[in-house]
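As a plain string of letters, each chain reads:
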Amino acid sequence: MGTILEYDEMITFKTATMTLYFNKNSGSLTKLETLNGDSLIIETSTPFLRIHLNGEEHRPLPRRMPYYTNTTTIGDQLVADHFEISKEDENELQVVCSQDGFQVIWRIKVDVKKKIVSIGFDFVNQTGKEQIVRKAIINQTMFSPDFNRDRTSVFLPGVQGSLPYYNLSNHQHQVWPFGEYSIGAAGLIDGNSLKTWIGWSLSFKERVDQRVESERNQISLVNDYQFSGYLAEGESMTFSGAYYMFADEERQAANNLQHWFNEHHIKTPTDSPKWLEDLVIFETHIGTAVFKDNYSYTPYKTMKDLIDDLPRISSLGFTAIQVMPKQPYPCYAVHDYFDLSTSYGDKHALITLVSKAHDLGIRIILDVILHGVMDQYFIGKAEHQAKTSGDTHRLELNQTVIDFAPYWREGSPEIHDLVKQHPEWFVRDEEGEITGIYTNAFDAANEDWQNYFIKALKYMILELNIDGFRFDAPHWNSIPNWDRNIPYEAGESAVGPIKLFEKARKELRKIKGDLLFYTEPSTPLYRKNMDLNYNYDEHWLIQALLYDSASVVIGREKPSNKIFANEMAQWFDVRQRWLPNHSRTAHHVDSHDSFWWYPPGKKWRREQFGIPQTLLLSYIYLFIEGPFMMYIGGEEGIENDLKKGIQLKKSHPSLKEGLCDFIGGYSDNPTIFHPVRKTEESYTVCIANCSDQTEEVCISWSGADEINAFFPEGFYLKDLITDAYISDEKYTCQTFNQKKWKLNPFQVLWVDLKTKIDKK
């Protein structure tokens, strides 16, 4: 049972496994301490909570996130009124604080088994008038006086653009932005004891922008939450979503987080379609994608052209075709869900495509947009802002709007019918005007709109007999809905798709039991109802692996520093542990996104790096767990090799079903990538030289006991890619580890352990 003890300047809340320390005057949580004396200091000169009120909102189109000026702030001058243990839970402490006519009622709960501290609050308006709540910034500081500063690592699991481990003393005053596709956690690991403190932040009600800042002997996980809404006198807003955890080592922390995911129903579906196991996606569209400098790309002029290409697509081994929206209109915007011809290409030909593809064993996935409808009025606003605002937040987005605007305008109505018929379905600014990025933004939290959207999806399934949906950018409308008539807070609109997908999965699976749900964001919340997620969080790895830090910046993927193959393996290994169990990611080398982002002459990976490097990347992504995807045209120059790799991925037991151990091999050569795939009866290793030099390397392989159990009499080594044995020599674990491998620049081997040499 939790107990409160009062001291001169401090209050403590003691539970069975942790003690929490509070500033008696401000009510702020200052320190966490385990029963064994491991402690984390979390009070700094920066307040834990800052709630921004009133002021003005700014968001020059097509900027996605708003910013605010002239706000007032609550949180830095809080005064504690009283502390009490919750009547419902003896391990929860409630702290009532006040400032300038507001109350902040903290709810701080300890999970005594997992040593997790959860922090939430109610924000109560007692000022006598309405207040506009703009956002809440939660600053999760972490400093452990028990850790050796020179041997403490900043831990960043699965962060887009950052490696998992950075030495704290060598990375002072560094900022690591999380982007939009990260797990949302950060922490400190002691290099001597391996003890780990983790902080993370996750809310079902608000979207968040995150970054980690390092300073002296501490880090701060800064969470900028869209905690937004109109707050009347006497009413309150509730937040739940900041957490701390202690563990004896990082893997234990990851395991505890998996339990936490399960308790909060954040887990990958267990009823995914069987055909996902050998899914290889061919991404394409009908029509012409247009870009600046009169550059354009037309993979297929008509749907018939795609139908005629089905034998070639099938011969390469692809098992699904992802049909993007028609280009250049409506592109990635909604014209009319029920007008399939305008949206994707001739409807009758689309039905034929599905039928003929099914005859060849190919599934059809429809790329569906849910962020908004396009009309001439809104296109005019977005194009004007893209040309004149000078905003550098997303230059490639500005350019896309400018490039496509003439075609969007030509295909669009002056005012969209849905805007006229259902104005309540759209996100509005404070002036009451419909807003968005470059479309009239749907409010995905609106239940009537959700029902309409699900009705449209049912129509597509029944009309076309398609096999799945890829939901494009459900997080795109990262803006509060300031419509005063909505029955929820303004910030909830941005996370509306999470509940939408839960509802849609239940409804659509009644029609088609093996329907695939696939979406872009790779964060835990957007894996909840998805069979598959896009690999946006991996994009940076390609640039970091193959470009050095002095290279010319040619696109938004490029990180600030080069990484090596061993660091890439480490990033994959950590991310795999920290995502919800059994998460599946579709890996791609070339996608329509990477194609869109780069200028002519650098659009394909083969143009950026070369054919050998493109093949290297393809073999790496084909080897590891998860489906593989290729945007049409990306296969040029590697067709035969790609065909071989796909065939092996679909048929070889290790590559089809085996778990991937990204650090299954160890060498002192950082340029070699050497993961392992294995089942109960097969063991296959990848040896990939990620450098432009010939490399010689010995690799120690994990799982010696497993290998000896599989192959008690020894084994032979066969390269699956060339379908040739390495030699006639029979190996043991010892001689396998001692073998010296010589690899040409960018060469990849998939080495299978065999009991005997097959006779051809």
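The following refers to the structure shown. What you see is a predicted model; the values in this text were computed from it and never measured. (Residues numbered from 1 in each chain as written. Predicted model: local features only at pLDDT ≥ 70, side-chain atom pairs only at ≥ 80, totals over all residues. Heavy atoms only, no water.)

Section: the overall build of the protein chain
In step 1: Helix and strand counts for the protein chain stand at 19 helices and 46 strands.
In step 2: The C-alpha radius of gyration computed for the protein chain amounts to 27 Å, which stays within 12% of the reference 27 Å derived for 760 residues, consistent with globular compactness.
In step 3: Principal-axis analysis of the C-alpha atoms gives the protein chain an extent of 85 × 70 × 50 Å.
In step 4: Looking at the protein chain residue by residue over its 760 residues, the buried ones come to 61%.
In step 5: Long-range contacts, defined as pairs at least 24 residues apart, comprise 69% of the intrachain contacts of the protein chain with a sequence gap of at least 6.
In step 6: Put simply, the protein chain shows about 29,000 Å² of open surface, and 46% of that area lies on carbon and sulfur atoms.
In step 7: Averaging the coordinates of the 79 positive side-chain charges in the protein chain and doing the same for the 105 negative ones gives two points 4 Å apart. (Helix = DSSP H or I, 4+ residues; strand = E, 2+ residues; numbered from the N terminus. Rg over C-alpha atoms; globule rule 2.2 N^0.38 Å. Buried < 20%, exposed > 50% of the residue type's maximum accessible area, 1.4 Å probe, protein only. Contact = heavy atoms within 4.5 Å. Areas by Shrake-Rupley, 256 points an atom, 1.4 Å probe, with all protein chains shown as cover. Lys, Arg positive; Asp, Glu negative; His and termini not counted. Charge placed at Lys NZ, Arg CZ, Asp CG, Glu CD.)

Describing the packing of aromatic side chains
In step 1: Taken as a whole and judged by the stated rule, the model has 58 aromatic pairs.
In step 2: Ring centres of Phe121 and Phe227 lie 5.6 Å apart, and the angle between their planes is 70°; this geometry places the pair in the edge-to-face category. Here Phe227 lies in the loop between β21 (218-225) and β22 (229-231) and Phe121 lies in strand β13 (residues 116-125), a separation of 106 residues in the sequence.
In step 3: We classify Phe227 as buried; its relative accessible area is 0%.
In step 4: Here the aromatic rings of Tyr230 and Trp482 are separated by 5.3 Å at their centres, their planes lie at 70°, and the arrangement is edge-to-face. Placement of Tyr230 in strand β22 and of Trp482 in the loop between β31 (468-472) and α10 (496-511) is noted, with a sequence separation of 252 residues between them.
In step 5: Look at Trp482 and you get buried, because its relative accessible area is 2%.
In step 6: The ring of Tyr21 carries the charged tip of Lys31 above its face, separated from the ring centre by 4.4 Å.
In step 7: Positioned over the ring face of Tyr534 is Arg470, at 4.7 Å from the centre of the ring. (Phe/Tyr/Trp six-rings, centres within 6.5 Å; stacked < 30°, edge-to-face > 60°. Lys NZ or Arg CZ within 6 Å of the ring centre and 35° of its normal.)

Let's talk about the side chain of Thr30
In step 1: Mapped onto the elements, Thr30 comes out in strand β4 (residues 29-34).
In step 2: Note on Thr30: relative accessible area 13%, which makes it buried.
In step 3: If we skip the residues at most four places from it in the chain, Thr30 touches Tyr21, Phe22, Asn23, Leu40, Ile41, Ile42 and Glu43.

Things to note about the pairing of strand β2 (residues 10-14)
In step 1: In the sheet, strand β1 (residues 3-6) pairs with β2 via four bridges, with the strands oriented antiparallel. Its bridge partner lying in β2, Glu6 is registered against Ile11.
In step 2: As paired strands, β2 and strand β3 (residues 18-23) are joined by five bridges and run antiparallel to one another. Bridge pairing in β3 places Ile11 opposite Phe22.
In step 3: Hairpin connection, β2 to β3: the antiparallel pair is bridged by three residues. (Pairing = 2+ DSSP bridges.)

Overview of the environment of Gln322
In step 1: Tracing the sequence through the fold places Gln322 in strand β27 (residues 320-323).
In step 2: Expressed as a C-alpha distance, the spacing of Gln322 and Gly626, which sit 304 residues apart in the sequence, is 16 Å.
In step 3: Gln322 has contacts with Ile281, Phe282, Glu283, Thr284, Ile365, Asp367, Arg470, Tyr518 and Met629, leaving out every residue within four places of it along the chain.

Some thoughts on the pattern of salt bridges
Think of it this way: side chains of opposite charge can pair up when their charged atoms draw near.
In step 1: Overall, the coordinates contain 47 salt bridges when judged by the stated rule.
In step 2: A salt bridge links Asp467 to Arg363; the shortest N-O distance between them is 3.5 Å. Here Asp467 is found in the loop between α9 (447-464) and β31, whereas its partner Arg363 is found in strand β28 (residues 363-369), with 104 residues between them in sequence.
In step 3: In this structure, the salt-bridge partner of Lys718 is Asp723, at a minimum N-O distance of 3.0 Å.
In step 4: What makes Lys718 buried here is its relative accessible area of 9%. (Salt bridge = Lys/Arg side-chain N within 4 Å of Asp/Glu carboxyl O.)

Re the state of the cysteines
In step 1: One pass over the full model with this rule turns up zero disulfides.
In step 2: In this structure Cys686 is not part of a disulfide, and its nearest cysteine sulfur, from Cys690, lies 8.1 Å away.
In step 3: You can call Cys686 buried: its relative accessible area is 0%.
In step 4: The structure places no disulfide on Cys698, whose sulfur is separated from the nearest cysteine sulfur, that of Cys733, by 15 Å. (Disulfide = S-S within 2.5 Å.)

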